[in-house]
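# Descriptive structure summary
Okay, here's what each chain looks like letter by letter:
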Amino acid sequence: MSTFVTDQTFRPQRRGAESVGHTGMSVHLLGPTQVWLDGVELSLGSGNRTAVLSFLALHANHGVTPEQLISALWGDDPPASATGNVYTYVSALRHILEPCRHRWAAGQVLTSGGGTYRLRARAEDIDALQFNALREEGKRHRRANDHDAELASLTAALRLWHGEALAGVPGPFAEAQRQRLTELRLTTAERRATLLIETGRHDEAISVLRVLVEAHPARDSLHPLLTAALHAAGRAVSRERQSHASKPLGGAGWRRVLPVCTDSGSLAGRTPEIRRLRWAVTQAVRGRGRSIRVEGFIGMGKSALLTVALKGLTSTNYRIGWAVGRELSRRVPLGLLVECVESALAGEAGSDLAEALSLASTTSVDDSATELVGRMVGLVRHVAEQAPLILVADGLHWADPQTVQVWSALHELTAHLPLLLVAAGWPGFAELRETATDEVLTLAPLSPASSAHLVRSAAPEPLDARELDHLLTIAGGNPCYLWHLATSGAPDRNAPLPASLVGAVRSHLTPFDEQTREALRAMAFLGAEPTTDSESGCYLDELALVTDQSTDELRRLLLPTVRAGLITIARERLAFRHQVVARVLHQGTARTLRSLLHRSFAERIAQADGPPERVVAQLLAGAVPLDGALIRWLTVHVEQLSADAPRITVMLLQRARAQYAVSPADRMILTIWLARLLLRLGRNCAAEAGWVASRTDDPDVEGEMRWMVALTYEKRGEHETASDIARAVLDERHVPATWLDRFRLMQIRLRQHLGDRPGSACSKISPRGATIPEQRRKRGTP
């Protein structure tokens, strides 16, 4: 159940509209929750009572169920007394909001009916809704290119704030709304600052942006705005750049612009890790070194964590070096480490340290690996002895062996030098696991509860339970993917994925070579399931079959993706950890090529006598046209398919019957099996069975089909029609005795519903019953 509130805008009341409660009431949510009535502040009492009022206010004039309130207060773990508690809170609020109301009189402000509660209030009397309305008003002015009017609307919107939204209000709903409204406030403030610059109010923009940068140092979009305002005002920007943009971190004139954070979702639930890294920096500055390793699969937020934890540091008492590992880093001895140390020495190009680095990293044919490692360790020791040193290797799993050796040796130095080593990488690499470290920070996939919290916090509109479950399923606890899905809406299974999510997935696939990506694409095609909300995966030998590669070669190609956490291999079965990756690979293939690949895979599996249901899955997933060869294959395997995979077989049979090229004999076989499967699945098979009964020359098939028609009517409660069909079959006696016996038993069952009544004429029986001999002998196509 989603407890997310939809942004509402206030509208004039229509004449004759239902009362919206006390016109003198005012609700403040953009700060401590307060309710005013005719200028007098009301005391709401307990925190849970305040949480109920806040939820009702954000859903003003909309019915709210007790279940929604329970979810808002306690999430997925409500107490046994939750329902009674909610009733008590609502009753108390009614008394507070309407103290003069008779106990048994109908409420005018907080009403109930139809199993819901409703707070009747004008949207302009609830500051959070008024804030949304003013933002929408600003967007209309922006579309009209009226910057002054837009600025006035946004200024009015920001004046409504008087603290942290829903400050102190308990419950998961309030927490999610705090984050959502705070983000909207900051976005609005950024837009207002931009408008101040565009309308020539540069000094005011500078004052506003300095406050914002101070309060939100990790928000990258603020720094360029401040620089633009300073340029426009004709002020020197070097000092501002130092204090706000690049943060001098030691060394003569040294500047370091840290990597940009990927997205807010990557940091969901990572506050303890951020604090731990910042604590380690403080300890290093005080002379106590340390080695920390951050482990996590792709999309868990390693880079974002490092950026946010280390970006806002303002001390000038140490150097910090930063390097990002890539697949090519393995081919350059000490390449990653040299990049890291060079970064720490930036701005000191002519110094002795810079020259020493050049010498230490220079290799010759006479150098042994041990000598090379020793020189680099000695250099880093010398740098750390001069001032505290922080080295950050993001992607140490891509490092060459010499870099790993140096990193392990440097760990020994942290015991007696102000040296902080921070490495990040994928947990599946043995090289990373064997590197000595003081502690490991593991960024695990988010739990279902944390995932749901992230989605509700980020989604611009409320999500129902089905939409939320869909997002949680396909994202698989990956905070990056959850964030992009939530902020872009809730696409269903067949809808295109958000462009931002597609871009994120593709960036995660970039480190792997083309052969590996093609193997992943084939996996995605083999795993596509036409009838479920998930990918079923595939087996290694099946992937080898469709790609013409050995299983050993595929293991080699896919091993890096296993280490990265993209896929799993268990007992020869392959599966994507996150279904969105499979969908990006599948949907990113051109439609025509997609159909050709699915047909090719289906043919290869069929030729190898693979499971028929796997062939059908390929035919359905790619909307492959069914030609004569495929129809013949289907008629041969339809019985086995009906037993093993009835649901997808129904889908394929319905498609097959719609093909014009199907021969009459094949159409008859396919329709017989379609009717049988529909009956087995509890669906209406009267049309299909009736079509067969009116065209077949086989008395046994005719008896089966007419019995299925009658049984369908019986199950639908149309007992008279079922009885008419049974009587007609028994009168004609055209079908074998075994079917006649079944019809007699059916008549006995039907008597308890119909009683004794005279038989009806065969001419009155529904044509769908196929009881008239002339109809039974007709030929044609359905």
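In case you missed it, the structure is sitting above this.
Residues numbered from 1 in each chain as written. Predicted model: local features only at pLDDT ≥ 70, side-chain atom pairs only at ≥ 80, totals over all residues. Heavy atoms only, no water.

## Considering the packing of helix 22 (residues 540–547) against helix 25 (residues 591–607)
Selection criterion: Interaxial angles span 0 to 180 degrees and are taken between N-to-C directions of axes, which are lines fitted to C-alpha atoms, for helices over the stretch in contact. Only DSSP runs of H or I covering at least 4 residues are called helices, and only runs of E covering at least 2 are called strands; the numbering of each starts at the N terminus. Orientation categories follow fixed angle ranges, with anything under 35 degrees roughly parallel, anything over 145 roughly antiparallel, 65 to 115 roughly perpendicular, and all other angles oblique. Each crossing gets its hand from how the near helix is turned against the far one by less than a right angle, where anticlockwise is left-handed and clockwise is right-handed. By the convention used here, residues are in contact when the closest approach between their heavy atoms is within 4.5 Å. Under the scheme applied here, ten amino acids are nonpolar (Ala, Val, Leu, Ile, Met, Phe, Trp, Tyr, Cys and Pro), four are charged (Asp, Glu, Lys and Arg), and all others, including Gly, are polar.
The geometry of helix 22 relative to helix 25 is characterised by a closest axis approach of 9 Å and an angle of 115 degrees between their N-to-C directions. By the criterion of interaxial angle, the relationship of helix 22 to helix 25 is roughly perpendicular. In terms of crossing hand, the pair formed by helix 22 and helix 25 is right-handed. Contacts between helix 22 and helix 25 involve Glu542, Leu545 and Val546 from the former and Phe601, Arg604 and Ile605 from the latter. Looking at side-chain class alone, the contact of helix 22 with helix 25 contains 4 nonpolar, no polar and 2 charged residues.

## Examining the sheet that holds strand 9 (residues 419–425)
To keep things clear, this is the line we draw: Paired strands, in this sense, are two strands between which DSSP finds at least two bridges.
The strand order 7-8-9-6-10 describes an open sheet built from 5 strands, whose pairing is parallel. Strand pairing shows two members of the sheet lacking a second neighbour, strand 7 (319–324) and strand 10 (439–443), which therefore form its edges. Adjacent strand axes in the sheet meet at a mean angle of 15 degrees when their direction is disregarded. The pairing of strand 7 with strand 8 (residues 389–394) spans 6 bridges and is classified as parallel. When the sheet's bridge partners are listed, Gly321 is paired in strand 8 with Leu391. On the sheet, helix 10 (residues 271–285) packs against strand 6 (290–296), strand 8, strand 9 and strand 10 and is oriented at approximately 155 degrees with respect to strand 10.

## Concerning the packing of helix 30 (residues 686–693) against helix 31 (residues 699–715)
Between helix 30 and helix 31, the least distance of the axes is 8 Å, while the angle of their chain directions is 150 degrees. The angle between helix 30 and helix 31 places the two elements in the roughly antiparallel class. Where helix 30 crosses over helix 31, the two elements pack in a sense that is left-handed. For the pair helix 30 and helix 31, contact is made by Ala686, Ala689, Gly690, Val692 and Ala693 and by Val701, Glu702, Met705, Arg706, Met708, Val709 and Thr712, respectively. In the contact of helix 30 with helix 31, the residues fall into 8 nonpolar, 2 polar and 2 charged.

## A look at the packing of aromatic side chains
Rules: Pairing of aromatic rings covers Phe, Tyr and the six-membered ring of Trp, with a centre-to-centre limit of 6.5 Å; geometry is then stacked below 30 degrees between planes, edge-to-face above 60, and tilted otherwise. Burial classes: relative accessible area under 20% of the type maximum marks a residue as buried, over 50% as exposed, and values in between as partly exposed (1.4 Å probe, protein chains only). By definition, being over a ring means that NZ of Lys or CZ of Arg is both within 6 Å of the ring centre and within 35 degrees of the ring normal.
Using the criterion set out here, one finds 6 aromatic pairs in the structure. Centroid distance Phe131 to Trp161: 5.6 Å. Interplanar angle 85 degrees. Geometry classified as edge-to-face. Of the two residues, Phe131 is situated in helix 4 (residues 127–143) and Trp161 in the loop between helix 5 (147–159) and helix 6 (172–198); the sequence distance between them amounts to 30 residues. Just as Phe131 is buried, Trp161 falls in that class too. With a centroid separation of 6.3 Å and 75 degrees between ring planes, the pair formed by Phe525 and Phe601 is classed as edge-to-face. Linking Phe525 in helix 21 (residues 514–527) with Phe601 in helix 25, this pair joins segments that are 76 residues apart in sequence. Each member of the pair, Phe525 together with Phe601, is buried. In textbook terms, an aromatic cluster arises when at least three aromatic residues are bridged by ring pairs, as seen for Trp398, Trp426 and Phe512. Sitting above the plane of the Trp279 ring, Arg276 keeps its charged end 4.2 Å from the centroid. Here the guanidinium or amino end of Arg573 rests over the ring plane of Tyr539, the centre of that ring lying 4.8 Å away.

## Examining the sheet that holds strand 11 (residues 538–539)
Reading across from one edge, 11-13-12 is the order of the 3 strands in this open sheet, with antiparallel pairing throughout. Pairing within the sheet leaves two strands with one partner each, and these edge strands are strand 11 and strand 12 (567–570).

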